[in-house]
Amino acid sequence: MILELDCGNSFIKWRVLDAGTLLIVGEGVVDSDFALLQGLKALKGLSLRFCRLVSVRTAEETGELIASLKGAFNVSVVCAAPAREMSGVRNGYEEFERLGLDRWLAMLGGFHLAAGACLVLDFGTAVTADFVAGDGEHLGGFICPGMPLMRNQLRTHTRKIRYGDVAAEQALESLAPGRTTVEAVERGCLLMLQGFVLTQMELARSYWGEEFVVFLTGGDAALVSGVVPQARVVPDLVFVGLAMACPLS
Ligand SMILES: Nc1ncnc2c1ncn2[C@@H]1O[C@H](COP(=O)(O)OP(=O)(O)OP(=O)(O)O)[C@@H](O)[C@H]1O
Ligand SMILES: CC(C)(CO)[C@@H](O)C(=O)NCCC(=O)O
Ligand SMILES: [K+]
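An unreviewed UniProt entry lists the chain under the name Type III pantothenate kinase, from Pseudomonas moorei. The record in UniProt for the chain states the following under Pathway (unreviewed entry): "Cofactor biosynthesis; coenzyme A biosynthesis; CoA from (R)-pantothenate: step 1/5." What the UniProt record of the chain gives under Catalytic activity (unreviewed entry) is the line "(R)-pantothenate + ATP = (R)-4'-phosphopantothenate + ADP + H(+)".

Below, the structure written as structure tokens:
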């Protein structure tokens, strides 16, 4: 079996594939290395041979995770590494190694699936946009705070913005002007995200007309999918790129 990991800033997304069929035999989202090991150990009949992972965490944190995986399961681990060019995509950063590897893999996956120009939008802790032209040239991208960061900044830097997760979820059932604090904040932040998406779409159209595919990924993709009905929502886009960057043989 193959273990795949996407180690983001807040969560680790994991899944286990059968090495023969490549079917998913287990998956989850966890908030710590410990919870990951627990989740894996709970899988019946687990026999891991290989692990491939991408991390946007520090080398030290990633090293610790790799050490505990090797200790617990005796797997060989490969990590996605920065590249100037791969699978027909050319990294557009001035210093290619500084581009977040989750963005890079999502672009590889997107360009492969689109077989042409694509706009890749990822809604995690941070929100990112990346533009890949039809010839594989990465034109660059944008990074801004995601929903969790926007609402937490407001909570942290104001005295009177306080509410719980249940209220937050209920507040998003409509986008009318808020009549409570939770409605005003949650709807305001969501409108910022949706506005961001529409701006990215305009930019993509200015480059490519209608000739591009837009991908939405990341935990909060569903919050914005309504404003881009033509978008392809691909929750495992980073994993698509991970398999391309870290083939097993
Ligand atoms: N099962 C889940 N567990 C945790 N968060 C989830 C889950 N499903 C959706 N989410 C949403 O996903 C968001 C986190 O996104 P995601 O997991 O893509 O990124 P992340 O690991 O936090 O950060 P990064 O951008 O560094 O990858 C949270 O805001 C949360 O609302
Ligand atoms: C932007 C995030 C946090 C998104 O997960 C990640 O891709 C990252 O840490 N990137 C490094 C900075 C950059 O991409 O320019
Ligand atoms: K991510």
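From this point, the discussion proceeds with the structure in view.
Peer 1: Sorry, what's going on with the site of ligand 2 here?
Peer 2: Taken together, N9, V56, Y93, R98, L99, G100, D102, R103, T128 and I143 form the complete shell of residues around ligand 2. At 2.5 Å, a side-chain N or O of D102 approaches an oxygen atom of ligand 2. In isolation ligand 2 exposes 380 Å². Once the protein is present, 73% of that is buried. Here the shell around ligand 2 is composed, by residue class, of four nonpolar, three polar and three charged.

Peer 1: I'm lost on the environment of D236 in this one. Help?
Peer 2: Mapped onto the fold, D236 is located in the loop between β12 (232-233) and α7 (237-245). Taking the C-alpha atoms as reference points, D236 and G218, separated by 18 residues in sequence, lie 8.2 Å from one another.

Peer 1: Looking at this structure, I do not really get the UniProt feature "binding site: ATP" (unreviewed entry) in the chain. What am I missing?
Peer 2: Under the present numbering, the feature "binding site: ATP" (unreviewed entry) in UniProt falls on D6, C7, G8, N9, S10, F11, I12, K13 and T125. These annotated residues cover 120 residues of sequence, but their C-alpha atoms sit close together, with the largest distance between any two at 13.2 Å. Here D6 lies in strand β1 (residues 2-7). Not counting the four nearest positions on each side in its chain, D6 is found in contact with F11, I12, K13, V54, V238 and F239. Inspection of the secondary structure puts N9 in the loop between β1 and β2 (12-17). Residue classification places N9 among the exposed residues on the basis of a relative accessible area of 58%.

What counts, and at which threshold
- Residues numbered from 1 in each chain as written.
- Chains lettered and ligands numbered in written order.
- Predicted model: local features only at pLDDT ≥ 70, side-chain atom pairs only at ≥ 80, totals over all residues.
- Heavy atoms only, no water.
- UniProt positions renumbered as here; feature names shortened; annotations may be inferred.
- Near = heavy atom within 4 Å.
- Polar contact = N/O pair within 3.5 Å; in protein donor to acceptor, adjacent residues only side chain to side chain.
- Areas by Shrake-Rupley, 256 points an atom, 1.4 Å probe, with all protein chains shown as cover.
- Nonpolar A, V, L, I, M, F, W, Y, C, P; charged D, E, K, R; others polar.
- Helix = DSSP H or I, 4+ residues; strand = E, 2+ residues; numbered from the N terminus.
- Contact = heavy atoms within 4.5 Å.
- Buried < 20%, exposed > 50% of the residue type's maximum accessible area, 1.4 Å probe, protein only.

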